[in-house]
Amino acid sequence: MSIGFIVRLLAPLLWLLIALPHAQAHTHAQPTPLPEPTGRVILTLSGDIAHPNVGGEAHFDRTMLKALPSRIIETHTPWHSDKGRFEGPLVRALLEAAGADGDCLRIRALDDFEAQAPRSDFYDHDVILAMSRDGEPLGIRDYGPLFVVYPFDAHPELLTEAVRFRSVWHVERIIVP
Ligand SMILES: Nc1nc2c(c(=O)[nH]1)N[C@H]1C(S)=C(S)[C@@H](COP(=O)(O)O)O[C@H]1N2
Ligand SMILES: [Mo]
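Residues numbered from 1 in each chain as written. Chains lettered and ligands numbered in written order. Predicted model: local features only at pLDDT ≥ 70, side-chain atom pairs only at ≥ 80, totals over all residues. Heavy atoms only, no water.

## Regarding the confidence of the model for the protein chain
Inference 1: On average, residues of the protein chain score 90 in pLDDT, and 83% of them reach the 70 mark or higher.
Inference 2: Residue range residues 24-30 is modelled with pLDDT below 50. Its contacts to residues more than four positions away, or to other chains, number zero contacts. (pLDDT = per-residue confidence, 0-100. Contact = heavy atoms within 4.5 Å.)

Below you can see the structure in the form of structure tokens.
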């Protein structure tokens, strides 16, 4: 066997070894462009964000939030005596739109309240950032404009102090450490 023959045999293999991981990393890192908000920004995702649209942050107006995959959750909450029909984007859809990969999220409210929540909550359950209740936009008096709603009625095991703490109302920012 000549050296030339061995080189010709190995070259494509070497090329695969070098090029393939790059090709995969490239497709994986392909960002989904997040449009820029045109209306008033009501939610900001900051920190470790892969798809920023304004500066290094992901800003959302109402229209952008409404365009995300959403759910309707019919449930009581520890703060409502009657059942409500809460509707809004899935938190995991929001994280994916912003390219937020962190394991833990800091959810901050207009009143400076802040809670930490594990990312897994939003994959284990259809947790939404409710924008409306019974078809009406959530006002600041009804825990709006954005309220983290867990499906308490469907999953009573969620009625714990820890999850109550993560049920942040008046949400304005999600920080990905
Ligand atoms: N914006 C905002 N969300 C919040 C809070 C708050 O003070 N502000 N309190 C949290 C805590 S600690 C709990 S236990 C629940 C319920 O608060 P409550 O017992 O005062 O009704 O809401 C959570 N969400
Ligand atoms: Mo609490």
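## Overview of the nonpolar core
Inference 1: Grouped together as the largest cluster of nonpolar side chains are 35 residues, with contacts concentrated most on L43, L45 and F60.
Inference 2: Of the residues forming this core, the biggest block, five residues, is contributed by helix α3 (residues 91-98).
Inference 3: For L43, the contacting residues outside a window of four places in its chain are A58, H59, F60, L65, L94, L129, L146, V171, E172, R173 and I174.
Inference 4: Counting nine residues, the second-largest nonpolar core is a separate cluster that includes F86, A130, L138 and V149. (Core = buried A, V, L, I, M, F, W, Y, C linked by side-chain atoms within 4.5 Å. Buried < 20%, exposed > 50% of the residue type's maximum accessible area, 1.4 Å probe, protein only. Helix = DSSP H or I, 4+ residues; strand = E, 2+ residues; numbered from the N terminus.)

## What about the pattern of salt bridges?
Inference 1: Scanning all chains against the criterion turns up ten salt bridges.
Inference 2: R133 is paired through a salt bridge with D82; the nearest N and O atoms lie 3.3 Å apart. Residue R133 is located in strand β8 (residues 132-133), and its partner D82 is located in strand β4 (residues 80-89); the two are separated by 51 residues in the primary sequence.
Inference 3: We classify R133 as buried; its relative accessible area is 17%.
Inference 4: Here R92 and D126 are joined by a salt bridge, their closest N and O atoms 2.7 Å apart. Separated by 34 residues along the polypeptide, R92 in helix α3 and D126 in the loop between α4 (121-124) and β7 (128-130) bring together distant segments of the chain.
Inference 5: Looking at R92, the relative accessible area reads 17%, which means it is buried.
Inference 6: Residue classification places D126 among the partly exposed residues on the basis of a relative accessible area of 28%.
Inference 7: Counted as one network, the salt bridges with shared partners bring together R71, R92 and D126. (Salt bridge = Lys/Arg side-chain N within 4 Å of Asp/Glu carboxyl O.)

## Here we look at the site of ligand 1
Inference 1: With respect to spatial proximity, the complete set of residues near ligand 1 consists of W79, A109, D111, F113, E161, R164, F165, S167, V168 and W169.
Inference 2: Between ligand 1 and the protein, one listed contact pairs a nitrogen atom with a side-chain N or O atom of D111 at 2.8 Å.
Inference 3: Within the backbone of S167, one N or O atom sits 3.1 Å away from a nitrogen atom of ligand 1.
Inference 4: With three residues, helix α5 (residues 161-166) is the largest single contributor of residues to the shell around ligand 1.
Inference 5: In the shell around ligand 1, the residues fall into six nonpolar, one polar and three charged. (Near = heavy atom within 4 Å. Polar contact = N/O pair within 3.5 Å; in protein donor to acceptor, adjacent residues only side chain to side chain. Nonpolar A, V, L, I, M, F, W, Y, C, P; charged D, E, K, R; others polar.)

## Structural notes on the packing of aromatic side chains
Inference 1: For the structure on display, the rule yields nine aromatic pairs.
Inference 2: With a centroid separation of 5.2 Å and an interplanar angle of 55°, the aromatic rings of F113 and F165 are classed as tilted. Here F165 lies in helix α5 and F113 lies in the loop between β5 (104-109) and β6 (114-118), a separation of 52 residues in the sequence.
Inference 3: Owing to a relative accessible area of 32%, F113 belongs among the partly exposed residues under this scheme.
Inference 4: Residue classification places F165 among the partly exposed residues on the basis of a relative accessible area of 43%.
Inference 5: Judged by centre distance (6.2 Å) and plane angle (75°), the ring pair of F147 and W169 falls under edge-to-face. Residue F147 is located in strand β10 (residues 147-149), and its partner W169 is located in the loop between α5 and β11 (171-176); the two are separated by 22 residues in the primary sequence. (Phe/Tyr/Trp six-rings, centres within 6.5 Å; stacked < 30°, edge-to-face > 60°.)

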